[in-house]
Amino acid sequence: MSLLQVSGVTRRFGGVIAVNNASLRVPEGAIVGLIGPNGAGKTTLFGIISGFVTPSAGSVSWDGADITGLPPHRRAQAGIARTFQIVQPFAGLSVVENIAVGAYLRHPARADATRIATDIGTRLGLGPWLDRPAAALTVAGRKRLELARALATGPRLLLLDEVLAGLNPSEIRDIIPLIQAIRAEGVTILMIEHVMQAVMNLCEQLYVLAEGRMIAEGNPVTVCADPRVIEAYLGHGAAARMQSHA
Amino acid sequence: MYTPSIIAEAVVNGLLTGAVYALVALGLTLVYGVLHIINFAHGALLTCAMFAVWALSDGLGLNVYLTIPPLAVLFLCLGYGLQRWVIGPASHGDDGNTLLVTLGLSIAIENGLLAAFHADTRTLSGDAAFDVVELGPMLLSRPRLIGFGVAVLVAVLLWALLAGTDAGKAIRAVAKEKMGASLAGIDVRHIYALTFGLGCACLAVAAGLLMPTFYVNPRVGNAFVLVAFTIVVLGGMGSVPGALLGGLLIGVVESLGGLFLGESLGQAGIFVLFILVLLLRPAGLFGARA
Amino acid sequence: MNKPTLAPVAVLLVVLAVVPAFAANTTINFLVSALIVTLAAQGWNLLGGFCGPFSFGHAAFFGTGAYVTAVLQSRYGVNAWAGFAAGIAAGAVVGGAIGWLSFRAGLRGSYFALITLAFAEVFRIVANAVPLTGGATGLLLKLDVRPANFQFASRAAFAWIALGCVVAVLALSIAIARSRLGAQFAAVRENEDAARALGIDVLATKLRAICLSGAVTAAAGGLYAQYFLYLDANIAYGSWISVEALLAVIVGGIGTPAGPLFGALALHALGEATKLFAGAITGIDLVLFGLILVGAIAFAPAGIAGSLHSLSARWRR
């Protein structure tokens with residue numbers, strides 16, 4: 001049985017349909033990727049899964065139970081953690097305090113929460129900055145902080161919204177093994193990503209969203225060769241042109 | 001009994017008062033629409049303007065309506081300076097700070113006036129308040145009619161200024177997209193200060209229109225400021241026609257409320273109305289801006 | 001609380017505890033007023049400083065605490081201490097009600113500030129009109145000096161009780177700052193969406209903050225009623241206390257447990273000094289307070305506690 005199942009969700013904003021009858025399933029223990037051109041509705045779909053956006057139609061089920069109407073904090077309590085594409089640090093708090101907010105979800109005692117926050121922060125390479133204000137972090141540091149905070153909630157499913165965007169190649173090389181290690185500990189991962197090198201490396205299942213619709217799914221190699229996917233990224237007729245050049 | 005003519009008179013009187021309320025609200029909504037800040041000192045600045053009208057008119061014997069043009073210019077400059085050199089720099093670009101800074105200014109202004117003029121309530125000498133015009137079956141106050149006319153005229157002028165002039169276009173550009181306007185070479189701090197100045201000029205005009213039929217004491221602005229906030233929230237934050245319509249509506253509601261409920265409860269009525277307006281408007285409209 | 005500010009706070013508290021034993025009545029009066037404002041400001045700080053929402057209407061809680069304490073004894077013969085406790089509970093209830101209405105409607109920032117102001121004004125107008133509160137003439141508590149009646153022959157005793165309340169809330173604030181609840185408050189203050197994503201029920205957290213805040217500020221109102229034995233609507237629900245509670249926190253150091261104490265003492269000392277120099281000009285002290293608010297935001301956003309902190313940090317280096 002899949003841990004997360006999204007069935008036929010649609011979301012309209014006024015006259016615009018951001019997500020149109022999209023479905024996906026994430027099996028327990030997998031790393032699943034969600035890709036698509038800019039404006040395809042990926043982040044809206046993440047919002048629907050994490051409870052920040054209410055779908056106009058369709059349903060979301062978690063571990064066999066319907067959670068379509070559940071508010072975000074209840075979903076986090078149930079084990080769904082998300083990061084934000086536009087990082088949202090608690091700017092006035094220190095790095096370790098930021099992570100501890102996540103850890104407090106399952107550890108009410110300050111000593112426990114702080115210890116877990118320190119461990120996770122150190123593991124994600126934030127060790128030297130733990131007592132610095134979060135506002136002082138670089139972009140790469142903030143991305144790591146997003147990841148650390150989400151991880152500190154002790155999730156079963158981690159929703160990663162472009163954690164690699166804005167990082168340079170060496171930073172990306174550093175963070176990929178971290179994601180693999182998280183998964184090895186049994187955390188299921190669903191990630192939105194534009195960095196194809198990372199997607200191909202990490203994901204065993206890929207979904208492609210374009211103009212709100214799910215246009216392809218399958219293993220990364222097959223999906224990337226799919227003419228519909230190529231056209232979605234490069235425009236109408238691109239697949240045919242690539243064929244003729246090949 | 002409430003005969004139709006009494007009710008009609010209350011409605012018309014409400015419209016007349018409402019136009020001046022609208023003018024006060026117009027200053028507030030303009031500042032909000034462009035700077036995205038709530039100017040908490042708006043009421044205190046209105047009180048200031050009313051004292052200025054009183055001093056020029058009663059002290060120097062100037063015709064009350066002749067005090068309006070110089071005071072409007074003076075308040076334009078005052079508002080410009082306040083925003084450019086006090087409120088802007090002191091707030092460090094944080095909305096919460098702006099609120100506190102303007103609160104601080106309002107406390108300082110209000111109590112400064114209290115120290116200078118004491119708590120006494122003053123009115124203009126002369127009997128302008130009793131100067132009435134017969135309109136069909138209704139007796140209407142002449143200063144209020146003038147107030148209505150001038151207030152509507154100022155609103156139209158302001159609208160024309162925003163729509164037609166270069167300064168107006170720059171103001172609208174900054175209101176829509178501060179960063180883009182700045183990249184296009186518009187001096188955002190200047191536009192902020194100019195807008196704030198225009199908001200204050202509206203107050204000077206409103207003060208001149210109010211004084212013939214109203215009184216002034218150091219705390220009088222407080223009553224107006226919540227009325228103005230109610231209007232602005234009701235009419236849509238930042239909307240000029242919204243402020244005008246909202247002002248007229250609130251004027252009529254207050255006038256009818258006073259007729260049916262009596263004066264003392266009418267005082268609480270404005271606050272209750274304000275609370276209801278805030279609570280019942282859907283959260284997204286104004287809750288989004290933290 | 002961070003360690004550098006702990007020492008000055010401890011010294012200050014010891015001085016405050018010793019002074020009433022020797023001081024003249026005017027000094028004790030000054031001290032009690034300052035401590036009552038401290039308590040009101042501590043309440044403001046629990047909401048505005050710890051959790052984020054700025055209130056312009058904490059008079060709503062102060063007045064409720066004061067009136068419930070006073071009305072229960074004078075009209076219903078309830079024991080003064082029980083009335084005081086009921087006043088504190090009433091503050092929490094009023095806080096919960098205002099919070100539930102406004103936070104559920106999504107009001108934040110300026111809108112929350114304005115709606116709290118409007119609530120306080122409605123309370124003031126109603127208290128000024130209804131017979132239960134004595135209307136415009138106000139409410140006089142019967143002089144009946146017995147400790148069991150929360151009235152004391154010596155003013156010093158009252159100063160110690162006020163100080164006890166302040167210390168209790170200070171300890172509570174420090175405990176909260178170091179707890180999960182404190183982390184949740186801070187998370188909600190800094191970024192509501194991120195807080196939600198980390199499993200925090202934002203509405204429930206804000207309601208906890210405003211109930212606590214209302215209770216503490218109501219305690220200040222109750223103390224006021226017992227000390228001065230007189231109330232009217234403009235004292236209990238007047239904007240003066242909303243302003244002083246907020247101002248003491250901003251000047252003292254927002255979000256720091258000891259900030260309200262520093263701020264209230266500094267402001268009161270300054271207020272007295274102005275009256276000394278400027279004589280009897282009404283409002284001159286408030287002009288200064290307004291300017292201080294502007295100046296504090298402009299030049300010392302971290303307040304006295306923050307400045308002490310950075311000073312001692314520099315000292316160690």
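Keep in mind it's a predicted model, so treat the numbers as computed, not measured.

Points about the overall build of chain A
Now for step 1: Within chain A, the secondary structure is distributed over 10 helices and 10 strands.
Now for step 2: A globule of 246 residues ought to have a C-alpha radius of gyration of about 18 Å, and chain A, at 18 Å, matches this closely.
Now for step 3: Principal-axis analysis of the C-alpha atoms gives chain A an extent of 60 × 40 × 35 Å.
Now for step 4: The buried share of chain A, taken over its 246 residues, is 46%.

As for the overall build of chain C
Now for step 1: Helix and strand content of chain C: 14 helices and two strands.
Now for step 2: Here the C-alpha radius of gyration of chain C, 19 Å, is about what a compact globule of 317 residues would show, namely 20 Å.
Now for step 3: On the principal axes, the C-alpha backbone points of chain C span a range of 55 × 45 × 40 Å.
Now for step 4: When burial is assessed residue by residue, chain C has 59% of its 317 residues classed as buried.
Now for step 5: Within chain C, residue pairs in contact and separated by at least 24 positions form 77% of the contacts whose partners lie at least 6 positions apart.

A short note on the arrangement of the chains
Now for step 1: Ranking by contact count across two pairs of chains in contact places chains B and C at the top.
Now for step 2: Regarding chain A and chain B, the two do not touch, and the least distance separating their C-alpha atoms is 13 Å.

Here's the deal with the sheet that holds strand β10 (residues 213-218) of chain A
All names here are of chain A.
Now for step 1: Read from one edge to the other, the open sheet built from six strands follows the order β6-β7-β8-β3-β9-β10, with strand pairing classed as mixed. On the outer flanks of this sheet lie β6 (80-82) and β10, each paired with one strand and no other. Here the average twist between neighbouring strands, direction ignored, is 15°.

A word on the packing of helix α3 (residues 95-103) of chain A against helix α4 (residues 110-123) of chain A
Residue and element names in this part refer to chain A.
Now for step 1: Where α3 meets α4, the closest approach of the two axes is 8 Å, and the angle between their N-to-C directions is 115°. Pair α3 / α4 crosses with right-handed handedness. On α4, the residues touching Val95, Val96, Ile99, Ala100 and Ala103 of α3 are Ala113, Thr114, Ile116, Ala117, Thr118, Ile120 and Gly121.
Now for step 2: Along the lines of polarity and charge, the residues of the contact of α3 with α4 split into nine nonpolar, three polar and no charged.

Looking at the packing of helix α3 (residues 59-76) of chain C against helix α9 (residues 202-228) of chain C
Residues and elements named next belong to chain C.
Now for step 1: α9 packs onto α3 with a crossing angle of 50° between their chain directions and a minimal axis gap of 6 Å. One element, α3, and the other, α9, form an angle in the oblique class. Considering how the two elements wind past one another, α3 and α9 form a crossing that is right-handed. For the pair formed by α3 and α9, the contact residues are Phe61, Phe62, Gly63, Thr64, Gly65, Ala66, Thr69 and Ala70 on the first element and Gly214, Thr217, Ala218, Ala219, Ala220, Gly221, Gly222, Tyr224, Ala225 and Gln226 on the second.

Looking at the sheet that holds strand β5 (residues 65-66) of chain A
Residues and elements named next belong to chain A.
Now for step 1: If you trace the four strands from one edge of the open sheet to the other, you get β2-β1-β4-β5, paired in antiparallel fashion. A strand with exactly one partner marks an edge of an open sheet, and here the two such strands are β2 (16-27) and β5.
Now for step 2: With two bridges joining them, strand β4 (residues 57-62) and β5 adopt antiparallel strand pairing. Across the sheet, residue Ser61 finds its bridge partner in β5, namely Asp66.

Structural notes on the interface of chain C and chain B
Now for step 1: Contacts between the two partners involve 34 residues from chain C, matched on the other side by 36 residues from chain B.
Now for step 2: Looking at the side of chain C that touches chain B element by element, the count peaks at 13 residues for helix α5 (residues 109-129) of chain C.
Now for step 3: Among the residues forming the side of chain C that touches chain B, the class breakdown is 26 nonpolar, six polar and two charged.

Side note on the pairing of strand β1 (residues 2-13) of chain A
Residues and elements named next belong to chain A.
Now for step 1: Sheet topology places β1 next to β2; eight bridges connect them, and they run antiparallel. Bridge pairing links Arg12 to Ile17 in β2.
Now for step 2: Connecting β1 to the next strand, β2, in antiparallel fashion are two residues, including Gly14 with a positive phi near 65°.
Now for step 3: Of the pairings in the sheet, the one linking β1 to β4 comprises five bridges and is antiparallel in character.

Some words on the nonpolar core
Residues and elements named next belong to chain B.
Now for step 1: Counting residues in each nonpolar core, the largest one holds 294 residues, and the members touching the most others are Ala22, Leu23 and Ala49.
Now for step 2: For this core, the leading source of residues is helix α8 (residues 188-210), giving 16 residues.
Now for step 3: Every residue in contact with Leu23, bar those within four places of it in the chain, is listed here: Ala151, Val154, Ala155, Cys202, Val205 and Ala206.

Description of helix α4 (residues 80-104) of chain C
Now for step 1: Its 25 residues place the ends of α4 of chain C 35 Å apart at the C-alpha level, agreeing with the 36 Å of an ideal helix rising 1.5 Å per residue.
Now for step 2: Looking one or two places after α4 of chain C, you find Gly106 of chain C, whose phi comes out positive at around 80°.

Considerations on α9 of chain C
Residues and elements named next belong to chain C.
Now for step 1: Taking 1.5 Å of rise per residue, the 27 residues of α9 would be expected to cover 39 Å, and the 39 Å separating its terminal C-alpha atoms lies within 8% of that figure.
Now for step 2: Most of α9 is tucked away: 22 of the 27 residues are buried.
Now for step 3: Remark: Leu229 follows α9 within two positions and exhibits a positive phi of approximately 55°.

Quick notes on the confidence of the model for chain C
Residues and elements named next belong to chain C.
Now for step 1: Of the residues in chain C, 96% have a pLDDT of 70 or more, and the chain-wide mean is 90.
Now for step 2: By mean pLDDT, helix α14 (residues 303-316) is the weakest element of chain C at 71, and α9 is the strongest at 97.
Now for step 3: Under the prediction, the complex receives an ipTM of 0.90, its pTM being 0.90.

Some details on the interface of chain C and chain A
Now for step 1: Residue-level contacts link 16 residues of chain C with 21 residues of chain A.
Now for step 2: Contributing elements (two or more residues each) for the side of chain C that touches chain A: α7 (180-190) and α8 (192-197) of chain C.
Now for step 3: Grouping the amino acids of the side of chain C that touches chain A by side-chain chemistry returns seven nonpolar, three polar and six charged.

Structural notes on the pairing of strand β3 (residues 31-35) of chain A
All names here are of chain A.
Now for step 1: Burial analysis of β3 places five of its five residues in the buried class, which makes it a mostly covered element.
Now for step 2: With burial as the criterion, each face of β3 is covered, one bearing Ile31, Gly33 and Ile35 and the other bearing Val32 and Leu34.
Now for step 3: With four bridges joining them, β3 and strand β8 (residues 188-192) adopt parallel strand pairing. Bridging from a neighbouring strand, Leu34 pairs with Ile192 of β8.

As for unusual backbone geometry
Now for step 1: The backbone phi angle of Asp63 of chain A is positive, close to 55°, even though this residue is not glycine.
Now for step 2: Of note, Asp63 of chain A is situated in the loop between β4 and β5.
Now for step 3: Overall, Asp63 of chain A belongs to the partly exposed group, with 16 C-beta atoms counted inside 10 Å.
Now for step 4: Positioned with a positive phi, Leu229 of chain C is a non-glycine residue whose angle comes to about 55°.
Now for step 5: You can see Leu229 of chain C is positioned in the loop between α9 and β2 (230-231).

How each quantity is defined
Sequence positions are assigned chain by chain, starting from 1 and proceeding in written order. Chains carry letters and ligands carry numbers; both start at the beginning, A for chains and 1 for ligands, and go up in the order they are written. Reporting in this predicted model follows two pLDDT cut-offs: at least 70 for local features of residues, and 80 or more for side-chain atom pairs to be given and counted; totals over whole chains, interfaces and linings ignore these cut-offs and use all residues. Only DSSP runs of H or I reaching four residues or more are called helices, and only runs of E reaching two or more are called strands; each is numbered from the N terminus. Only the C-alpha atoms count toward the radius of gyration. The rule for a globule is 2.2 Å times the residue count to the power 0.38. Labels follow a simple rule on C-beta atoms placed from the backbone: if 20 or more others lie within 10 Å of a residue's own, it is buried; if 12 or fewer, it is exposed; otherwise it is partly exposed. Contact definition: two residues whose C-beta atoms, as placed from backbone geometry, lie within 7 Å. Strands are treated as partners if at least two bridges between them are detected by DSSP. The axes are straight lines fitted to the C-alpha atoms, using for helices just the contacting stretch, and the angles between their N-to-C directions are given from 0 to 180°. We call a crossing left-handed when the near helix sits turned anticlockwise from the far one by less than a right angle, and right-handed when that turn is clockwise. Any residue outside Ala, Val, Leu, Ile, Met, Phe, Trp, Tyr, Cys, Pro, Asp, Glu, Lys and Arg is labelled polar, Gly included; the first ten of those are nonpolar and the last four are charged. The scheme is simple: roughly parallel for angles under 35 degrees, roughly antiparallel for over 145, roughly perpendicular for 65 to 115, oblique for anything else. Defined on buried residues, the nonpolar core groups Ala, Val, Leu, Ile, Met, Phe, Trp, Tyr and Cys residues joined through C-beta atoms within 7 Å. Each helix should span, by expectation, one fewer than its residue count multiplied by 1.5 Å. For every residue, the predictor states its confidence as a pLDDT score lying anywhere from 0 to 100.

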